[in-house]
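Structural description and commentary
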Amino acid sequence: MIIDSIQGAIGHTPLLRFTHQHFSEIPEGSAIYAKLEYLNPGGSIKDRLGVYLIEEGLAQGRIKEGTTIIEPTAGNTGIGVALAALAAGLPTIFVVPEKFSMEKQALMKALGAKIVHTPTDEGISGAIAEAKRLHEEIIDSYLPLQFENPANPEAYYRTLAPELVADLGAEITSFVAGIGSGGTFSGVARYLLERNPAVRLIGVEPEGSILNGGASHGHEIEGIGVEFIPAFLEGLPISGFTTVSDADGFAMTRRLAKEHGALIGSSSGAAMVAALAEIAKLPAGSRVATIFPDAGDRYLSKDIYSREEY
Ligand code: PMP
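Every value quoted in this text rests on a predicted model; they were computed, and no experiment measured them.

1. Digging into the sheet that holds strand 8 (residues 200-206)
Across the sheet, which stays open at both edges, the six strands sit in the order 1-2-10-7-8-9 with mixed pairing between neighbours. Pairing within the sheet leaves two strands with one partner each, and these edge strands are strand 1 (15-18) and strand 9 (240-244). The average angle at which neighbouring strand axes cross in this sheet is 25°, direction not considered. When strand 7 (residues 174-178) meets strand 8, the two strands line up parallel, connected through five bridges. Bridging from a neighbouring strand, Val 176 pairs with Ile 202 of strand 8. Against the sheet, helix 7 (residues 246-260) touches strand 1, strand 9 and strand 10 (287-292), its axis set at about 80° to strand 9.

Written out as structure tokens, the structure reads:
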């Protein structure tokens, strides 16, 4: 396969199948299919979004030559947007809460981006507020704002979801995915529902996220978890949310690396915990699709595979 830009390597990721042979909780005849989004060139599911946000901004005339792209991000969207912006010759500024991994920040910088930090305790809401302030201040800037922009779920509706259906058919019993902005979950869910209204939709969040109620607090699982209910979830017939502790999420992340060679991040471990809980409840022959959103090597400075006390 020959490609003329790195964008050509985005998408068409494989599905890794897990059966009873790999996890005893999976009933015989059932299977979990994990979409290996960490194999995208920027190392995450958000490469797909980067392309869409830039294309949409250009199509709407909001991005012109020299427009600065500003975005609040936990890091992966920054890397995805930076890749797309680089291809279009646009400067980028990303607003990142301090706690997020150094590797993601180094990768954004490697792609030419500037990083602005906001305090960890202000969460993603603090990063959104600062990005809005910078957008006001910098003339000729564009704020795609993944948390509100319909291009976010659209990117997954148009790319990832059709790939899932092409590989698995429309008879997917359940779709289980982590929720950050909710873009991946809602875009894929909408596409699957149109083909099979009975599909079960399970959102995954870390402890400290508010989807199952309770107070918002910090967590170590990165990329998922919300302080407010994402607008994209509105109107979706969601079957339930599974809340995964840092301890369980990281234990699964380590297990997926050690036993299956999947070098994925902690939101993938959390998704797998939730997918196993879901499939254990379903009759034999069920198919659960889930997503492994990003790569683990961007969390090595956080001892992702070696710190046992999470
Ligand atoms: N996992 C990781 C590692 C992420 O970076 C993100 C995006 N923040 C997600 C999951 C969740 O994706 P979404 O924003 O589409 O809900």
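2. Notes on the domain arrangement of the chain
The domain architecture assigned to the chain consists of domain 1 (6-44 + 151-302) and domain 2 (46-142). The C-alpha centroid of domain 2 is placed 24 Å from the C-alpha centroid of domain 1. Between domain 1 and domain 2, the residue contacts involve 35 residues of the former and 26 residues of the latter. Of the roughly 2,300 Å² buried between domain 1 and domain 2, counting both surfaces, carbon and sulfur atoms make up 51%. Considering only the surface of domain 1 that becomes buried against domain 2, Gln 7, Ser 44 and Arg 298 emerge as the three largest contributors, covering 23% of it. Summed over the shared surface of domain 1 and domain 2, the number is three salt bridges. For Arg 48, the salt bridge is made with Glu 163, and the minimal N-O distance between the two is 2.9 Å. The tally of links from domain 1 across to domain 2 stands at 19 residue pairs in polar contact (both at pLDDT 80 or more). Looking at which element gives the most residues to the side of domain 1 that touches domain 2, the answer is helix 5 (residues 151-168), with nine residues. Residues that form the side of domain 1 that touches domain 2 fall into these classes: 10 nonpolar, 14 polar and 11 charged.

3. Concerning the layout of surface pockets
Taken as a whole, the largest pocket holds about 760 Å³ of empty space. Lining of the largest pocket is provided by 48 residues; of these, Ala 74, Gly 180, Gly 223, Ile 224 and Gly 225 occupy positions nearest its centre. Elements supplying a minimum of two residues to the lining of the largest pocket: helix 2 (76-88), helix 4 (123-137), strand 7 and helix 6 (183-195). Here the lining of the largest pocket is composed, by residue class, of 17 nonpolar, 23 polar and eight charged.

4. Concerning the packing of helix 5 against helix 6
Across the interface, helix 5 lies against helix 6 with an axial gap of 7 Å and an inter-helix angle of 55°. Overall, the two elements helix 5 and helix 6 adopt an arrangement that is oblique. Where helix 5 crosses over helix 6, the handedness of that crossing is right-handed. Facing Asn 152, Pro 153, Glu 154, Tyr 156, Tyr 157, Leu 160, Ala 161, Pro 162, Leu 164 and Val 165 of helix 5, the residues of helix 6 in contact are Gly 183, Thr 184, Ser 186, Gly 187, Val 188, Arg 190, Tyr 191, Leu 192, Glu 194 and Arg 195.

5. Points about the site of the ligand
Around the ligand, a shell composed of 16 residues is seen, among which Lys 46, Gly 180, Ser 181, Thr 184 and Ser 267 lie nearest. Separating an oxygen atom of the ligand from a side-chain N or O atom of Lys 46 is a distance of 2.8 Å. Here a nitrogen atom of the ligand sits 3.0 Å away from a polar atom, N or O, in the main chain of Gly 223. Its free accessible area being 390 Å², the ligand has 95% of it covered by the protein chains. The pocket occupied by the ligand, as judged from atoms lying within 2 Å of grid points, is the largest pocket.

Rules and cut-offs
Residues numbered from 1 in each chain as written. Predicted model: local features only at pLDDT ≥ 70, side-chain atom pairs only at ≥ 80, totals over all residues. Heavy atoms only, no water. Pairing = 2+ DSSP bridges. Helix = DSSP H or I, 4+ residues; strand = E, 2+ residues; numbered from the N terminus. Axes fitted to C-alpha atoms, helices over the stretch in contact; angles between N-to-C directions. Contact = heavy atoms within 4.5 Å. Domains from an automatic or database assignment. Buried area = accessible area lost by both parts, 1.4 Å probe. Salt bridge = Lys/Arg side-chain N within 4 Å of Asp/Glu carboxyl O. Polar contact = N/O pair within 3.5 Å; in protein donor to acceptor, adjacent residues only side chain to side chain. Nonpolar A, V, L, I, M, F, W, Y, C, P; charged D, E, K, R; others polar. 1 Å grid on protein atoms, 1.4 Å probe; cavity = no way out; pocket = protein on both sides within 12 Å on 5 of 7 lines; lining within 4 Å. Points joined across faces, edges and corners; volume = space filled by probe spheres on them. Parallel < 35°, antiparallel > 145°, perpendicular 65-115°, else oblique. Left-handed = near helix turned anticlockwise from the far one by under 90°. Near = heavy atom within 4 Å. Areas by Shrake-Rupley, 256 points an atom, 1.4 Å probe, with all protein chains shown as cover. Sits in = over half its atoms within 2 Å of the grid points.

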